[in-house]
Amino acid sequence: MRKLALNDEILLKIEKPARYIGGEVNSVMKDKEQVDIRFAMCFPDVYEIGMSHLGIQILYDMFNRRDDVWCERVYSPWTDLDKVMREEKIPLFALESQDPVREFDFLGITIQYEMCYTNILQVLDLSGIPLDAEERTWEDPIVIGGGPCTYNPEPLAEFFDLFYIGEGETVYDRLFDVYKEVRARGGSRQEFLEAAAEIEGIYVPSFYETTYHEDGTIRSFDPVNPHAKPVVHKQVVMEMQDTTYPEKPVVPFIKVTQDRVVMEIMRGCIRGCRFCQAGMLYRPTRERDVEVLKDYAYKMLRNTGHEEISLSSLSSSDYSELKELVMFLIEEFKDKGINISLPSLRIDAFSLDVMGKVQDIRKSSLTFAPEAGSQRMRNVINKGLTEEMILDGAGQAFEGGWNKVKLYFMLGLPTETEEDMRAIPELADKI
Ligand code: SF4
């Protein structure tokens, strides 16, 4: 039987102990003596949030397909357990093996939003890994950052050995091969970092000298190691068909934020809203094949037992095979008690029609995102929506039977005036 890192006494006094015990359906167990690389994949937030993140499920599956790698998961302990771990000197551990993170070869941290930066320090601290990358030795894992915030890595640079800029499917295999090669010949940590810096998309902060203007913006950014490139380019997968997808996602024991099968239909967004980080970072738009998605839907529902399937993309209405896919899901699964969830749809006649088929109209509300109240402000942010389009969409929804709509607006946009702010309630009133 697996020995848990936390004893019964601790598990019984903390909130939601299932956050920390691992052993969920579809979690991957391997023999640690039989692998070359142990990778701790961390989402630096509480379990329920981290388990809802699709990117981790994709990488967890991809890494564990390699016989020489065992990838395990780590999340931020909630404050109650954090206190106990510090008092009883229990190091942070990975869920699958329950072994201390410090024993791993890599600690990969996905950095999705700035609000979790302090959690990253908590994870390093509880693991007993020096916060400052320069103080680490071969006794410590290589701490690698990935995810959208790595496109602006400087605020976190001193805490990371390297950043992976771009989509995880592209260069991880090369990085693992380089690591194995350096380890096998007894090379140093510095030699590994130099070899890693040669891989496209990998940024090793300690190999650069950065100077700043008085206001904190960057004045200069220059490599100081011959292996480091002057410019690091993000890496993207151009052929989605060549990537793997988790057909057996891990099923949590407790309710998590995204408690359903999530099927990624597309990456990137064809629109160019100026405020949108995701729209800029995940360019270009790439679709997954509709026949492959139908097959995934069967397999993922069968392998998990979930009762809901959701489509994931930045703007599902722009997926060219949406009608085909949605009609298939409704016909195949609706009568089997599977809920179909369709977020990120634009409000048009087709969307209202399919949403009417999959939702209880009387109970649900529709969400519009005009983002700004005045046409001037919407033009500034390149939202591409006129008032006529908004009122038309709302009108169609009310005619379709909905009697509630939710509206998203942003305050504090550049060039905003009081008139732009007043336009928000005015537009809401018209709707
Ligand atoms: S449509 Fe949505 S995802 Fe696409 S750029 Fe605009 S805000 Fe971003």
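Residues numbered from 1 in each chain as written. Predicted model: local features only at pLDDT ≥ 70, side-chain atom pairs only at ≥ 80, totals over all residues. Heavy atoms only, no water.

Draft legend 1. Here's a closer look at the domain arrangement of the chain. Looking at the assigned domains, one finds that the chain contains domain 1 (8-223), domain 2 (260-345) and domain 3 (361-431). Computed over C-alpha atoms, the centres of domain 2 and domain 3 are 25 Å apart. Taken together, the contact pairs four residues of domain 2 with seven residues of domain 3. Carbon and sulfur atoms supply 56% of the area that domain 2 and domain 3 bury against each other, a total of about 480 Å² over both sides. Its largest share of buried area at the contact with domain 3, domain 2 owes to C273, R274 and F275, together 87% of the area lost on that side. Our enumeration of links across domain 2 and domain 3 arrives at zero salt bridges. (Domains from an automatic or database assignment. Contact = heavy atoms within 4.5 Å. Buried area = accessible area lost by both parts, 1.4 Å probe. Salt bridge = Lys/Arg side-chain N within 4 Å of Asp/Glu carboxyl O.)

Draft legend 2. Unusual backbone geometry, seen in detail. The amide bond that connects R283 to the next residue, P284, takes the cis arrangement and shows omega of -5°. Tracing the sequence through the fold places P284 in the loop between α8 (277-281) and β11 (286-287). Phi at K89 is positive, roughly 55°, even though this residue is not glycine. By secondary structure assignment, the location of K89 is in the loop between α4 (79-88) and β3 (106-110). Given a relative accessible area of 72%, K89 falls into the exposed group. The phi angle at E371 is positive, at roughly 70°, despite the residue not being glycine. Relative to the helices and strands, E371 is located in strand β14 (residues 366-371). You can call E371 buried: its relative accessible area is 11%. (Helix = DSSP H or I, 4+ residues; strand = E, 2+ residues; numbered from the N terminus. Buried < 20%, exposed > 50% of the residue type's maximum accessible area, 1.4 Å probe, protein only.)

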